[in-house]
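# Remarks on the overall topology
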Amino acid sequence: MRQAIQNLEESRIREVANAGMGRSDVLAFWFGESDEVTPQFIRDAAMESLAKGETFYAHNLGLPELREAVSLYTGTLHPKVAADRIAITSGGVNALMLAVQALVDAGDEVVAVTPVWPNLTAQPLIMGAKLKRVSLQPSGGAWTLDLQALLDAVTPGTKLLIVNAPNNPTGWTLSRPEQEAILAHCRKTGTWILADEVYERLYYEDTQNRCAPSFLDVASADDRLVIAHSFSKSFLMTGWRLGWLVMPADMTHHMGKLIEFNTSCASVFTQRAGVVALRRTDEVTPRVVEHLKACRDTLVPLLQAMPMVQLATPKGGMYAFFRLDGHGDSLETAKRLVVEAGLGLAPGNAFAPEAQGWLRWCFASKDPSRLNDGVNRLGRWLAARR
Ligand SMILES: Cc1ncc(COP(=O)(O)O)c(C=O)c1O
C-alpha cells in the first residue's frame, strides 16, 4: 500500500466518539451536523423520483436541471455563474477531493490555512503533495489571519492554496479586501485557489444577502479558482451526499472525466431533491440560519461566562471553538468529558497541532436546551476538578 495512505491519521473526532460508544446518556456535539431532519418537501422530491423509477446512471456532471438550478441560486448571491462552470458531486467532501485530484501532482506544494477540517489537509497528502500550513493566530479566543504571512507563504512554487471560510472549526471568515489581496497575489504566482465555501450561508453578520464574502464576488470566470459547495449544511442534507463545484469553463469537461472514475455521477433521486431544495431555498435556509444564530447566542455567552474558557463569538459556521485553560491535551480532555461528564466535544488538535488545548462544540441543536444541559455538565466537571 502507498506510504501516503499508511501515514494518514485516523480521525481524532471518531476516537472521542468511540469512547462514548453504546452510551445513550452522552450529549453529543462532536460532529458537524444538525440533529434536525431534512424538510419534508425535499424528502418528497426524492421519493417521487424513486416512485417514477429514476434508478439509473445519470450524466457525469449532474442533471442539466440541477446545474441550471445551481447557476440560478448562485446568481441570487453572487455574480451569475453559467451552468457550464458547474459540476454536481456526491457531497462537499467529494467535491473537494475531485478538485485536489484535478489540480495536484505528487510532489506539488499545497498551502492550507489552518486550523481546518482535517479532510482538507488529508486530501493533498493522499495525492502525495507537500503540505505547508499557514496558521491563523489565536488572540483572546478569536483566530485571525496574518494576511502578509499567507501571501509570503504562497510563492510561484505553490500549486494550490486551500482556504475554508467561514471556517470549520474557528468561525473565522475572510473579508472582501483579504480575498482581493489573495486573488491578486495568486494571479501573480500562478497558484490555484480552492475555496471551501460550504458555510457561506451560515453567516450571522448583517449583510444584504445574509451570505459570507465569496471569492466568486471578486474573481473573473477564467481565474484559477475552484469553489466547493454542499447541500449538507444550509439545507439539512448531510446524509444525502450532494454538493457541487464551480470552476473555469474549460475545466468542466475534464472534471466530468474525473467524476466518471470516482463515482460516475450523483444518484438521480438525490439530485431531484437538490433541485427542489434550491428552488425553495427561502423555505429552508433563512429559518435554519435564524435557528443556528439563536443556538450560537445561547451557547457562546454561557461558555464565555466560565472562568477557564476563552472564546470569541463566531461570525459564521456552526461551531463554538474554545480554549480551556489548564487542559492542554485536547484529545485527553475530550475523552474524559465523554466518560466522566457525558459531554461529547471534538478535540482541537483534530484540526491543527496549534489548536491543542482547544475544543469544538457544534451548536446545531434542534432543541437549544440541550446546549444549556451541556454547559451545566461542563461546569460541574470543571468544578469537581478545582
Ligand atoms: C469545511 C467543510 N467542508 C466540507 C464539508 C463537507 O460536507 P459534505 O461532504 O457533507 O457535503 C464539511 C463537513 O463537515 C466541512 O466542515
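Presented here is an overview of the structure given in this document. (Residues numbered from 1 in each chain as written. Predicted model: local features only at pLDDT ≥ 70, side-chain atom pairs only at ≥ 80, totals over all residues. Heavy atoms only, no water.)

### Points about the overall build of the chain
Counted only if it meets this: For helices the rule is a DSSP run of H or I covering at least 4 residues; for strands it is a run of E covering at least 2, with both sets numbered from the N terminus onward. It is over C-alpha atoms that the radius of gyration is taken, and the globule rule equals 2.2 Å times the number of residues to the power 0.38. A simple rule labels every residue: compare its accessible area, found with a 1.4 Å probe on the protein chains alone, to the largest value its type can have, and call it buried under 20%, exposed over 50%, or partly exposed in between. In this analysis, two residues are considered to be in contact whenever any of their non-hydrogen atoms come within 4.5 Å of each other. Shrake-Rupley sampling with a 1.4 Å probe provides the accessible areas, and residues are treated as covered by the protein chains on show and by no other component.
Tallying secondary structure elements over the chain gives 13 helices and 15 strands in all. The C-alpha atoms of the chain give a radius of gyration of 20 Å, which matches the 21 Å a tight globule of 386 residues would have. For the C-alpha atoms alone, the extent of the chain along its principal axes is close to 60 × 50 × 50 Å. With 386 residues in all, the chain has 55% of them scored as buried. Sequence separation of 24 or more characterises 75% of the internal contacts of the chain that already satisfy a separation of 6 or more. Surface accessibility of the chain: about 15,800 Å² in total, with carbon and sulfur atoms responsible for 52%.

### Topic: the layout of surface pockets
If a probe the size of a water molecule is rolled over the atoms, the empty space left behind becomes visible. Put simply, the test is: Only protein atoms enter the 1 Å grid, on which a cavity is a set of points fitting a 1.4 Å probe that cannot get out and a pocket is an open set with protein on both sides within 12 Å along at least 5 of 7 lines, lining residues being those with an atom within 4 Å of a point. Grid points are joined across faces, edges and corners, and a volume is the space filled by probe spheres set on the points. Residue polarity is assigned by list, with Asp, Glu, Lys and Arg as charged and Ala, Val, Leu, Ile, Met, Phe, Trp, Tyr, Cys and Pro as nonpolar; anything else, Gly included, falls into the polar class.
As a volume, the largest pocket reaches approximately 1,200 Å³. The greatest single-element share of the lining of the largest pocket, amounting to 7 residues, is contributed by helix 6 (residues 118-126). Residues that form the lining of the largest pocket fall into these classes: 22 nonpolar, 15 polar and 10 charged.

### Here we look at the nonpolar core
We apply this condition: Throughout this description, the term nonpolar core refers to a set of buried Ala, Val, Leu, Ile, Met, Phe, Trp, Tyr and Cys residues connected via side-chain atoms within 4.5 Å.
Phe215, Leu303, Phe322 and Trp361 are the most contacted members of the largest nonpolar core, which totals 104 residues. With 7 residues, the single largest contributor to this core is helix 11 (residues 285-304). Those residues in contact with Phe322 that sit more than four places away from it in its chain are Leu303, Val309, Gln310, Leu311, Leu345, Gly357, Trp358, Leu359, Trp361 and Leu378. If you look at the next biggest cluster of nonpolar residues, it comprises 26 residues, including Ala99, Val104, Val110 and Ala112.

### As for the site of the ligand
To keep things clear, this is the line we draw: Here a residue is considered near a molecule or strand provided that any single heavy atom belonging to it is located within 4 Å of it. Just a note on the criterion: a molecule sits in a pocket or cavity if more than half of its atoms are within 2 Å of the grid points.
Around the ligand, 14 residues are found, and the nearest of them are Gly92, Asp196, Ser230, Ser232 and Arg241. Starting from 390 Å² of accessible surface for the ligand in isolation, the protein chains cover 94%. The pocket occupied by the ligand, as judged from atoms lying within 2 Å of grid points, is the largest pocket. For the shell around the ligand, the element with the most residues is helix 5 (residues 92-103), which contributes 3 residues. Each residue belonging to the shell around the ligand can be placed in one class, and the counts come to 5 nonpolar, 6 polar and 3 charged.

### Structural notes on the pattern of salt bridges
In plain terms, the rule: Criterion for a salt bridge: a side-chain nitrogen of Lys or Arg within 4 Å of a carboxyl oxygen of Asp or Glu.
Tallying each qualifying case throughout the model produces 17 salt bridges. Here Arg12 and Glu9 are joined by a salt bridge, their closest N and O atoms 3.4 Å apart. Ionic pairing is found between Glu54 and Arg272, a salt bridge with its closest N-O pair at 2.8 Å. In this pair, Glu54 sits in the loop between helix 3 (40-51) and helix 4 (64-77) while Arg272 sits in helix 10 (residues 268-279), placing the two residues 218 residues apart along the sequence. Relative accessible area serves as the criterion here: at 22%, Arg272 is assigned to the partly exposed category. Via salt bridges that share partners, Glu54, Glu65 and Arg272 belong to a single interconnected network.

### Looking at the sheet that holds strand 9 (residues 225-230)
Where we set the bar: Note: two strands are recorded as paired if DSSP finds a minimum of 2 bridges between them. Only the stretch in contact is used when fitting a helix axis, every axis being a line fitted to C-alpha atoms; angles between N-to-C directions are given from 0 to 180 degrees.
Ordered by their spatial adjacency, 7 strands build an open sheet running 2-10-9-8-7-3-4, and the pairing between neighbours is mixed. Unpaired on one side and paired on the other, strand 2 (86-89) and strand 4 (130-135) mark the two borders of the sheet. Sheet twist, expressed as the mean angle between neighbouring strand axes with direction ignored, is 20°. In terms of strand pairing, strand 7 (residues 158-164) meets strand 8 (residues 192-196) through 5 bridges, oriented parallel. Within strand 8, the residue paired with Ile162 across the bridge is Leu194.

### Comments concerning empty space enclosed by the protein
In total, this model carries 3 cavities of 30 Å³ or more according to the counting rule given. In this structure, the largest cavity spans a volume of roughly 50 Å³. Forming the walls of the largest cavity are Tyr73, Glu197, Val198, Glu200, Arg201, His229, Ser230, Ser234, Phe235 and Trp244. Along the lines of polarity and charge, the residues of the lining of the largest cavity split into 4 nonpolar, 3 polar and 3 charged.

### Structural notes on the packing of aromatic side chains
Our working definition: Note on aromatic pairs: the rings of Phe, Tyr and Trp (six-membered ring only in Trp) are paired at centre separations within 6.5 Å, and the planes decide the class, stacked below 30 degrees, edge-to-face beyond 60, tilted for the rest.
Tallied over the entire structure, the rule returns 11 aromatic pairs. Here the aromatic rings of Phe321 and Phe351 are separated by 6.1 Å at their centres, their planes lie at 85°, and the arrangement is edge-to-face. In this pair, Phe321 is assigned in strand 12 (residues 319-324) and Phe351 in the loop between strand 14 (346-347) and strand 15 (358-362), connecting sequence segments 30 residues apart. Members of the aromatic cluster, each reached through a chain of ring pairs, are Tyr73, Phe231, Phe235 and Trp244.

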